[in-house]
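Breakdown of the fold
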Amino acid sequence: MTDTHVASPPKGAAAPEPGGPARNPALARAALLLLRGRTLVVLVLLVVFFSAISSEYLTQSNLILMTKHVAINAILAIGVTFVILTGGIDLSVGSIAGLAGMVSGGLLFKGLNVPGGTVFFSVAVVILIGIVVGALVGAVNGLVITRFKVAPFIATLGMLYVARGLAQLHSNGGTYPDLAGDPSRGNTGFHFIGVDSVLGIPVAVWIMVLVAIAAVVVTTRTPFGRRIFAVGGNERAAILAGIRVNRVKIAVYVISGACAALAGLLLTSELGAAYPDTATTYELNAIAAAVLGGTALSGGRGTIIGTVMGAFVIGFLSDGLVLVGVSTFWQSVVKGAVIVFAVITEQAQQRLQSGLAKHTA
Amino acid sequence: MLRRSLIAIGAASVLALAACGGGDDKSDSSGGGSTAAASKLIVIITPSPDNVFFKAEQDAAAAQAKKLGYETLVLSHDDDPTKQSQEIDTAISRKAAAIILDNAGADASVAAIQRAKDAKIPTFLVDREINKTGVAVAQIVSNNAQGAGLGGTEFAKLMGNKGEYAELTGKATDTNAGVRSQGYHGVLDQYPDLKMVAQQSANWDQAEALQKTQTILQAHPNIKGIIAGNDTMALGAFAAVQAAKKNIIVVGFDGSPDVVSSILKDGIKATVLQPAGKISEMAVDQADAYLKNGKADQPEKQSVDCVLVNPDNAKSVTNFAVATS
């Protein structure tokens with residue numbers, strides 16, 4: 001018993017190669033394909049399952065609604081994927097989303113106090129400020145991790161508390177209840193990103209699509225993308241290859257912070273109110289989506305598309321459970337089980353892959 | 001390294017000694033009810049002030065204590081019994097005169113409150129009860145069952161006693177979530193034509209209530225009303241209703257300023273006001289009386305009635321209190 005990767009294929013089904021770990025390469029390849037596409041498989045199974053139970057599940061309006069719910073987590077998860085690809089982790093994204101929501105909400109609700117009065121900014125500027133705040137918090141994460149050699153888990157765990165505390169300090173714990181703005185201040189229209197639709201598709205979904213496309217291009221088509229994978233695959237080798245590893249790391253935390261802020265703004269816009277607890281524990285959903293989508297927590301392996309698919313699985317699953325009226329407790333149990341199951345299949349895929357690699361070598 | 005930590009420990013010890021030097025002899029010698037009379041510190045511990053309700057509760061208690069000449073220390077346990085226990089230890093080590101507590105769990109809080117009692121510090125509970133008597137000096141709560149009855153009755157009236165509705169419940173581990181839901185159903189279940197088609201917990205959270213309501217509206221497009229276990233969830237549900245451009249009756253519980261202003265704008269239809277400020281003030285007044293007389297002047301279990309808020313009286317509501325006219 002040297003290797004036990006393949007789920008014992010029937011002997012002689014296809015030309016068995018002697019001594020190789022994968023005794024049936026054709027079957028193993030098929031299994032591998034299935035495992036690689038497992039997020040899609042799970043998603044299809046979910047849709048089939050829930051539409052069998054509820055006729056309301058597979059309707060156009062419900063699909064649009066579920067996709068809108070997915071959008072927030074997908075955007076968070078895309079940012080986190082950048083970090084995880086370098087071998088890091090970002091636990092602070094939920095808090096950053098909350099902080100960005102509070103900063104923007106505050107600017108819309110009560111403006112910015114400057115010497116000589118209160119200034120109100122247009123919605124576009126407010127959104128920009130929110131995203132910049134997220135990016136800055138991300139930059140602090142990156143600097144703490146690279147300059148002070150703090151483990152990403154610790155640094156971003158610290159930021160989870162710091163950013164949440166800042167969000168609470170921002171309003172002294174209160175809620176900014178009305179973000180509609182005032183025509184006389186020229187700051188109306190914040191609901192556009194979270195509530196409105198364009199061509200029948202919610203703006204939040206369009207934003208998710210744009211973020212996803214940009215992220216796919218950056219990770220697969222640019223030198224920066226290749227550096228991310230290099231840093232995550234083997235940091236030592238990346239340094240020796242002349243990659244400025246610290247710069248890459250800071251950049252991914254900035255991206256993660258900016259994505260988190262964007263997600264926070266969408267959520268705040270949809271609610272029409274900003275409260276400091278916004279997006280509490282969302283970091284876990286985001287990491288779960290990345291892991292479900294096949295991103296390895298050890299770094300160097302994963303795709304943006306996989307992460308987006310992972311977010312769809314989580315969102316379609318939890319909305320489906322609510323739709324058919326399953327209790328909150330079971331929702332948690334099922335979600336957790338699906339995540340662990342995904343990691344198990346991820347491990348199976350890795351073993352199969354390395355088995356096949358040995359086999360062809 | 002070792003030397004540095006020794007110095008640090010030494011310094012901390014000196015500070016600690018200096019801090020408790022003053023009151024030592026007094027609190028050791030006296031034995032009766034009003035031992036800690038030397039201290040003028042009232043420690044106020046509540047859940048997170050993120051929720052305006054607890055903020056109002058904290059602020060009212062602190063203001064009343066200051067008015068009566070006490071110092072205050074305001075802490076938040078974030079609904080974590082462990083954190084609450086540590087904060088009660090802080091109160092004990094600071095030799096507080098009394099503790100005003102909105103506790104983090106009906107069973108999980110008993111031991112910590114007993115510890116305060118053993119240290120001769122009286123605890124006055126507000127807003128939530130514990131499952132034991134004789135430990136705290138007073139348990140002053142708003143009558144959630146009565147309040148939910150009011151909310152349920154108003155909701156049934158608004159619905160015309162018929163039609164489909166959904167319920168959003170609070171965090172299942174919180175006693176009040178269950179009490180309110182039972183109170184609602186005590187009324188609503190009497191009407192055979194009122195049909196609950198969905199019941200989900202949104203964990204008191206606004207964003208969760210928004211998303212769950214959206215999904216519930218998908219599954220049950222004919223819903224006429226949503227009754228929520230608190231106001232933050234009612235606000236989330238109402239945001240979903242607005243986004244769906246539907247005309248659905250939403251009723252909450254708490255009487256928070258945001259919901260009151262929504263009622264005035266013909267958004268949310270009604271809420272049940274818990275007199276948070278009044279309860280806090282009562283607790284501080286009773287603590288003051290207890291410290292002066294050495295005994296409680298009220299029975300331990302006290303309940304304060306809730307008030308229905310709808311468009312008729314919403315104008316006179318400010319900061320969890322209805323102005324009496």
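Every value quoted in this text rests on a predicted model; they were computed, and no experiment measured them. (Residues numbered from 1 in each chain as written. Chains lettered and ligands numbered in written order. Predicted model: local features only at pLDDT ≥ 70, side-chain atom pairs only at ≥ 80, totals over all residues.)

Looking at the interface of chain B and chain A
What counts is decided by this rule: Working definition of a contact: two residues with C-beta atoms, positioned from the backbone, lying within 7 Å. Counting from the N terminus, the helices are DSSP H or I runs at least four residues long and the strands are E runs at least two residues long. Each residue gets one of three labels, nonpolar for Ala, Val, Leu, Ile, Met, Phe, Trp, Tyr, Cys and Pro, charged for Asp, Glu, Lys and Arg, and polar for the others, Gly among them.
Taken together, the contacts link 22 residues of chain B with 26 residues of chain A. At the level of elements, helix 3 (52-67), strand 7 (194-201), helix 8 (206-219) and helix 9 (231-243) of chain B are the ones that each hand at least two residues to the side of chain B that touches chain A. When residues in the side of chain B that touches chain A are grouped by element, the largest group, ten residues, is from helix 8 of chain B. Of the residues belonging to the side of chain B that touches chain A, the class tally is ten nonpolar, eight polar and four charged.

As for the domain arrangement of chain B
How big an interface is tends to be stated in terms of accessible area lost as the parts join. Where we set the bar: A domain assignment, automatic or from a database, supplies the domain bounds used here.
Its domain assignment divides chain B into domain 1 (32-141 + 278-303) and domain 2 (144-274 + 313-317). A class-by-class count of the residues in the side of domain 1 of chain B that touches domain 2 of chain B yields three nonpolar, one polar and one charged.

Here we look at the pairing of strand 3 (residues 98-101) of chain B
This is how it is decided: To sort residues by burial, count the other C-beta atoms lying within 10 Å of each one's C-beta; a count of 20 or more means buried, 12 or fewer means exposed, and anything in between means partly exposed. C-beta atoms are built from the backbone. By convention, orient the strands away from the viewer: a clockwise path from the first strand over the helix to the second makes the crossover right-handed.
Covered by surrounding structure in strand 3 of chain B are B:Ala98 and B:Ile100 together with B:Ile99 and B:Leu101, the residues of both alternating faces. Taken together, strand 3 of chain B, helix 5 (residues 110-118) of chain B and strand 4 (residues 123-126) of chain B form a β-α-β motif whose crossover is right-handed.

Here we look at the packing of helix 4 (residues 93-109) of chain A against helix 6 (residues 152-171) of chain A
All names here are of chain A. How we decide: Axis definition: a line fit to C-alpha positions, over the contact stretch in the case of helices; interaxial angles, taken between N-to-C directions, run 0 to 180 degrees. In these notes the angle categories are as follows: under 35 degrees is roughly parallel, over 145 is roughly antiparallel, 65 to 115 is roughly perpendicular, and the rest is oblique. Handedness of each helix crossing follows the sense of rotation of the near helix against the far helix: counterclockwise by less than a right angle gives left-handed, clockwise gives right-handed.
The interhelical angle for the contact between helix 4 and helix 6, taken along N-to-C directions, is 20 degrees, at an axis separation of 8 Å. Classified by the angle between their axes, helix 4 and helix 6 sit roughly parallel to one another. Viewed along their axes, helix 4 and helix 6 form a crossing whose handedness is left-handed. Here Ser95, Ile96, Gly98, Leu99, Met102, Val103 and Gly106 of helix 4 come into contact with helix 6, specifically with Met159, Leu160, Ala163, Arg164, Leu166, Ala167, His170 and Ser171. For the contact of helix 4 with helix 6, the class distribution of residues is nine nonpolar, five polar and one charged.

Quick notes on the packing of helix 4 (residues 81-93) of chain B against helix 5 of chain B
Residue and element names in this part refer to chain B. Contact pair helix 4 / helix 5: the axes reach a minimum separation of 9 Å and the direction vectors enclose 5 degrees. It follows from the interaxial angle that helix 4 and helix 5 lie roughly parallel. Packed against helix 4, whose contacting residues are Gln84, Ser85, Ile88, Ala91 and Ile92, the element helix 5 presents Ala112, Arg115 and Ala116 at the interface. Here the contact of helix 4 with helix 5 is built from residues that sort into five nonpolar, two polar and one charged.

Topic: the sheet that holds strand 6 (residues 163-169) of chain B
Two orientations exist for strands paired in a sheet by backbone hydrogen bonds: parallel and antiparallel. Residue and element names in this part refer to chain B. Heads up, the condition is: Should DSSP find at least two bridges between two strands, the strands are taken to pair.
One open sheet accounts for four strands, arranged 7-6-8-9; its pairing is parallel. On the outer flanks of this sheet lie strand 7 and strand 9 (249-251), each paired with one strand and no other. This sheet shows a mean twist of 20 degrees between the axes of neighbouring strands, independent of strand direction. In this structure, strand 6 lies alongside strand 8 (residues 225-228), joined through four bridges in parallel fashion. Its bridge partner lying in strand 8, tyrosine 165 is registered against glycine 225.

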